[in-house]
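# Per-entry structural report
Each chain is listed here by its residues.
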Amino acid sequence: MKDAFGSPQSLLILGGTSEIALATARRLVARRTRTVWLAGRPSPALEAAADHLRELGADARTVSFDALAPERHEEVLGKVFAEGDIDLVLLAFGVLGDQARAEEEPLAAVRVAQTNYTGAVCAGLVCAKELRAQGHGSLVVLSSVAGERARRANFVYGSSKAGLDAFAQGLGDALHGTGVHVLVVRPGFVRTKMTSGLKEAPLAADPEAVAEAVETGLRQRAEIVWVPGALRAVMAVLRHVPRGVFRRLPV
Ligand SMILES: NC(=O)c1ccc[n+]([C@@H]2O[C@H](COP(=O)([O-])OP(=O)(O)OC[C@H]3O[C@@H](n4cnc5c(N)ncnc54)[C@H](OP(=O)(O)O)[C@@H]3O)[C@@H](O)[C@H]2O)c1
């Protein structure tokens, strides 16, 4: 259960090696979060992330989870919830993919869509069911500004995030009044291993900035946060730029 200050005591991260998720975990562990489940594909990086959180004082555990194996989500995540209430689920897994390759090999695009969208739909619904049964908790979904308006340069990723974003908003409405809160997070370019080697976009942020926005959004029970906040105004304009112009913009 959240403590008297509203801080989550227990956290479940889906995508346990995500740099944004781990920055958020570090921030929450420095507050009051004690139990952290890192769900992800088994790897030395997943275990190292758990070790690091233990050094910070958390009771960190790992669990094998693959977004591309939705048929196993109920069993895998059900076991985590069976160990005790989860105050916060952070849905952080995702792949950027390679747009040029996706256009040549449609199955590569399918893999991006299945990870970012259908994998998240399944895991999100499984967690929502568990949170609803608890009667409390928050689900934070890492969407992206890329889903706000698909760009020619990465429309496979962008469309998967657009689907995820719409799904998460609808899920938030479905859970309204149940005690469960859904927060959709729309970061712009974040400096993590997902974007390493790419040309930095304007308003680029560090994972810690996303972590801070998540914490503030949770405290305010916000439904959507942009990181940085200025992106909200930028996208309000870009959303209405005519297609012919938008297509030629260097975004
Ligand atoms: N970085 C950005 O600019 C940015 C901007 C907006 C939104 N986002 C979103 O924020 C989220 C976190 O991104 P990040 O920047 O923290 O990237 P990251 O460090 O590369 O993390 C991505 C995570 O997704 C996991 N993952 C990928 N495929 C998976 C699968 N099939 N099953 C389970 N886990 C899988 C990775 O696990 P493995 O260790 O097993 O690969 C890793 O934990 C993503 O959803 C991303 O789309 C990122």
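Anything mentioned here points back to the structure above.
Heads up: these notes are all about the structure in this document. This is a predicted model, so every value here is computed, not measured. (Residues numbered from 1 in each chain as written. Predicted model: local features only at pLDDT ≥ 70, side-chain atom pairs only at ≥ 80, totals over all residues. Heavy atoms only, no water.)

### Points about the overall build of the chain
Heads up, the rule is: Helix and strand assignments come from DSSP, with helices taken as H or I runs of at least 4 residues and strands as E runs of at least 2, each series counted from the N terminus. Only protein chains enter the area calculation, which uses a 1.4 Å probe; residues under 20% of their type maximum are buried, those over 50% are exposed, and those in between are partly exposed. Two residues form a contact once any of their heavy atoms are found within 4.5 Å. Residue burial considers only the protein chains on display, and all accessible areas are found by Shrake-Rupley using a 1.4 Å probe.
Check the secondary structure of the chain and you find nine helices and seven strands. Taken along the three principal axes of its C-alpha coordinates, the chain extends 50 × 35 × 35 Å. The buried share of the chain, reckoned over its 251 residues, is 50%. Long-range contacts, defined here as pairs at least 24 residues apart, represent 72% of the contacts in the chain between residues at least 6 apart. For the chain, the accessible area works out to roughly 12100 Å², and carbon and sulfur atoms hold 55% of it.

### Comments concerning the site of the ligand
Put simply, the test is: A single heavy atom is enough: if one lies within 4 Å of a molecule or strand, its residue is considered near that molecule or strand. We define a polar contact as two N or O atoms separated by no more than 3.5 Å, with the added condition that, inside protein, one atom must be a possible hydrogen donor and the other a possible acceptor, whereas residues neighbouring each other in sequence contribute only through side-chain atom pairs.
Around the ligand, a shell composed of 28 residues is seen, among which Thr17, Ser18, Tyr157, Val190 and Thr192 lie nearest. In this structure, an oxygen atom belonging to the ligand sits 2.9 Å away from a side-chain N or O atom of arginine 41. One of the backbone nitrogen or oxygen atoms of alanine 92 is found 3.4 Å away from an oxygen atom of the ligand. Protein chains bury 92% of the 890 Å² of accessible surface belonging to the ligand in isolation. Broken down by secondary-structure element, the contributors of at least two residues to the shell around the ligand are α1 (19–31) and α6 (155–175).

### Observations regarding the sheet that holds strand β6 (residues 180–187)
Note the following rule: Two strands pair if DSSP finds at least two bridges between them. Think of each axis as a best-fit line through the C-alpha atoms, taken over the contacting stretch in the case of a helix, with angles from 0 to 180 degrees between the N-to-C directions.
Spatially, seven strands are ordered β3-β2-β1-β4-β5-β6-β7 in an open sheet, and the strand pairing comes out parallel. Because the sheet does not close on itself, it has two edges, and the strands there are β3 (59–64) and β7 (224–227). Pairwise comparison of adjacent strand axes, ignoring direction, gives a mean angle of 20° for this sheet. Where strand β5 (residues 137–142) and β6 come together, six bridges link them in parallel fashion. By the bridge assignment for β6, valine 140 is matched with leucine 183.

### Re the environment of arginine 232
Within the secondary structure, arginine 232 sits in helix α8 (residues 231–238). Overall, the relative accessible area of 57% leaves arginine 232 in the exposed class. Along the backbone, arginine 232 and histidine 181 are 51 residues apart, and their C-alpha atoms lie at a distance of 21 Å.

### What about helix α2 (residues 44–55)?
Note the threshold: The span one expects for a helix is its residue count, reduced by one, times 1.5 Å. Note that the arc is defined by the directions from the helix axis to the C-beta atoms.
Helix length check: α2 (twelve residues) gives 16 Å between terminal C-alpha atoms against 16 Å at 1.5 Å per residue, within 8%. All of the buried residues along α2 are Leu46, Ala49, Ala50 and Leu53. Taken end-on, α2 shows its buried residues confined to a sector of 95°, consistent with a single buried face. In α2, the exposed residues that point more than 90 degrees away from the buried face are Pro44 and Glu55. Each element contacted by the buried residues of α2 is listed here: α1, β2 (35–40) and β3. Glycine 57 occupies a position one or two residues after α2 and carries a positive phi of about 105°.

### Here's the deal with unusual backbone geometry
Of note, the amide linkage connecting valine 227 to proline 228 takes the cis form, showing an omega dihedral of -5°. As for its placement among the helices and strands, proline 228 is situated in the loop between β7 and α8. Of note, the phi angle at leucine 203 is positive, near 65°, even though the residue is not glycine. Within the secondary structure, leucine 203 sits in the loop between β6 and α7 (207–219). One non-glycine residue, arginine 221, lies in the positive phi region at around 50°. By secondary structure assignment, the location of arginine 221 is in the loop between α7 and β7.

### Focus on the pairing of β6
The cut-off we apply is this: We call a crossover right-handed when, viewed with both strands directed away from the observer, the connection leading from the first strand over the helix to the second proceeds clockwise.
Counted residue by residue, β6 has eight buried out of eight residues, so it is predominantly covered. On the question of chirality, the crossover connecting β5 to the parallel β6 by way of α6 is right-handed. Two elements, β6 and β7, share four bridges in a ladder whose sense is parallel. Note that in β7 the partner of valine 184 across the bridge is isoleucine 224. As for the winding sense of the linkage, the β-α-β connection from β6 through α7 to β7 is left-handed.

### Notes on the environment of lysine 193
In this structure, lysine 193 sits in the loop between β6 and α7. C-alpha separation for the pair lysine 193 and glycine 244, spaced 51 residues apart in sequence, amounts to 33 Å. In this view, lysine 193 contacts Thr17, Ser18 and Glu19; residues no more than four positions away in its chain are not counted.

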